[in-house]
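Residue-level listing of the chains:
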Amino acid sequence: MLVSYDGAAPVAVRTYTADAPSRTETVALRVPAGAKTARVRFRYTGGNNWYWVIDGVRIEQA
């Protein structure tokens, strides 16, 4: 998972190096002071194209 704020370069905030079971996850983001926009991206790189999914994404203020 990559996040960029106010058009800056994306920064990786979560990566996986092996299969991960289906589960609910929470990722806390460190939002820079004064940031007005955020862009969250998901990228898959690998050879196993059998099945992967991202579902039910929510972004909330803590």
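Let me begin by describing the structure that accompanies this report. (Residues numbered from 1 in each chain as written. Predicted model: local features only at pLDDT ≥ 70, side-chain atom pairs only at ≥ 80, totals over all residues. Heavy atoms only, no water.)

This next bit is on the pairing of strand 1 (residues 2-5). Of the two faces of strand 1, the one carrying Leu2 and Ser4 and the one carrying Val3 and Tyr5 are both buried. Two elements, strand 1 and strand 2 (residues 11-12), share 2 bridges in a ladder whose sense is antiparallel. Bridged to Leu2 within strand 2 is Ala12. Where strand 1 hands over to strand 2, the hairpin turn is made up of 5 residues, of which Asp6 adopts a positive phi near 50°. One ladder, built from 4 bridges, connects strand 1 with strand 3 (residues 38-41); its direction is antiparallel. In the sheet register, Ser4 faces strand 3, and the bridge partner there is Arg39. (Buried < 20%, exposed > 50% of the residue type's maximum accessible area, 1.4 Å probe, protein only. Helix = DSSP H or I, 4+ residues; strand = E, 2+ residues; numbered from the N terminus. Pairing = 2+ DSSP bridges.)

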